[in-house]
Amino acid sequence: MALRELSSLEKYLGLKKLNKYSTQGDKKVPVLQSNNGPPLVGLVTIACHLVKDAKRPNLLGDSAESRAVVQQWLEYRVTKLDGCTKEDTKTILKDLNLYLQDKVYMAGNQFTLADTFMYFGIHPLIVDLSVQEKEQYVNMARWFDHIQRSPGVRHHLPPVVVLRNRIYTSKHH
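Residues numbered from 1 in each chain as written. Predicted model: local features only at pLDDT ≥ 70, side-chain atom pairs only at ≥ 80, totals over all residues. Heavy atoms only, no water.

## Overview of the overall build of the protein chain
So, point 1. When its secondary structure is counted, the protein chain shows seven helices and three strands.
So, point 2. Sequence-ordered secondary structure for the protein chain, helices as α and strands as β, is α-β-β-β-α-α-α-α-α-α.
So, point 3. In terms of overall dimensions, the protein chain is globule-like: its C-alpha atoms have a radius of gyration of 17 Å, near the 16 Å expected for 173 residues.
So, point 4. By principal-axis analysis of the C-alpha atoms, the protein chain measures approximately 65 × 35 × 30 Å.
So, point 5. A total of 173 residues make up the protein chain; the buried ones form 44% of that total.
So, point 6. Of the contacts made within the protein chain by residues no fewer than 6 positions apart, 64% connect residues no fewer than 24 positions apart.
So, point 7. Accessible area for the protein chain stands at about 10300 Å²; split by element, carbon and sulfur atoms hold 52% of it.
So, point 8. Charge-centre separation for the protein chain: the mean point of 24 positive side chains lies 5 Å from the mean point of 17 negative side chains. (Helix = DSSP H or I, 4+ residues; strand = E, 2+ residues; numbered from the N terminus. Rg over C-alpha atoms; globule rule 2.2 N^0.38 Å. Buried < 20%, exposed > 50% of the residue type's maximum accessible area, 1.4 Å probe, protein only. Contact = heavy atoms within 4.5 Å. Areas by Shrake-Rupley, 256 points an atom, 1.4 Å probe, with all protein chains shown as cover. Lys, Arg positive; Asp, Glu negative; His and termini not counted. Charge placed at Lys NZ, Arg CZ, Asp CG, Glu CD.)

## Some remarks on the nonpolar core
So, point 1. Among the nonpolar cores identified, the biggest contains 52 residues, and Leu-113, Phe-117, Met-118, Ile-122, Met-140, Trp-143 and Phe-144 are the most heavily contacted of them.
So, point 2. The set of elements that each furnish at least two residues to this core consists of α1 (2-13), α2 (43-53), α3 (64-81), α4 (86-99), α5 (113-127) and α7 (138-148).
So, point 3. Of all the elements, α5 adds the most residues to this core, at nine residues.
So, point 4. Excluding residues within four positions of it along the chain, Phe-117 makes contact with Glu-5, Leu-6, Leu-9, Leu-43, Ala-47, Leu-74 and Arg-77. (Core = buried A, V, L, I, M, F, W, Y, C linked by side-chain atoms within 4.5 Å.)

## Brief notes about the pairing of strand β1 (residues 21-24)
So, point 1. Of the strand pairs in this sheet, β1 and strand β2 (residues 29-32) are connected by four bridges, and their pairing is antiparallel. Each residue of the ladder has a partner; that of Gln-24, found in β2, is Val-29.
So, point 2. Hairpin connection, β1 to β2: the antiparallel pair is bridged by four residues, and Gly-25 has positive phi, about 75 degrees. (Pairing = 2+ DSSP bridges.)

## Considerations on the sheet that holds β2
So, point 1. The strand order β1-β2-β3 describes an open sheet built from three strands, whose pairing is antiparallel. Each end of this open sheet is capped by a strand with a single partner; those strands are β1 and β3 (40-41).
So, point 2. As judged from the two bridges shared by β2 and β3, these two strands associate in the antiparallel manner. Considered in β3, the bridge of Leu-32 is made with Leu-40.
So, point 3. Sheet strands in contact with α1 are β1 and β2, and its direction is about 150 degrees off that of β1.
So, point 4. With respect to the sheet, α2 is in contact with β1, β2 and β3, its orientation differing from that of β2 by roughly 40 degrees. (Axes fitted to C-alpha atoms, helices over the stretch in contact; angles between N-to-C directions.)

Put into structure tokens, the structure is as follows:
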């Protein structure tokens, strides 16, 4: 999964020279062998490298605070989302729903790498939910739908119906 995410990120960033990745260990941690030095190991490390290589530092945050928030969510993705159990899913979605209550993006008002990788991490959880279950997490569902509709983000993942359209009676006009 991580290798497809990195490949999608490369396409989103418009990188011309696509990298070759390998994995190591039981958890299949991604590895990028660079010509200039030691290999880069780990999803977050490689993703941040690609963003810098593409000269798109705004995706890592535009202030010290937003850079810290982006790093926090990237770490959350790797430590909490990847490999979470079915029992953890409701707690994670509830926490994200509360966090996104007054935010457009994970790091405030700007699309960042955190949005991309949290979207990739949450996608498998959302696919398994019914529409009624998704409606319990309206802020998270709003954010998820917004991100999946962002140009270039959803390369390798199928679209997910998040919220159903409501038909209002005439007395609501």
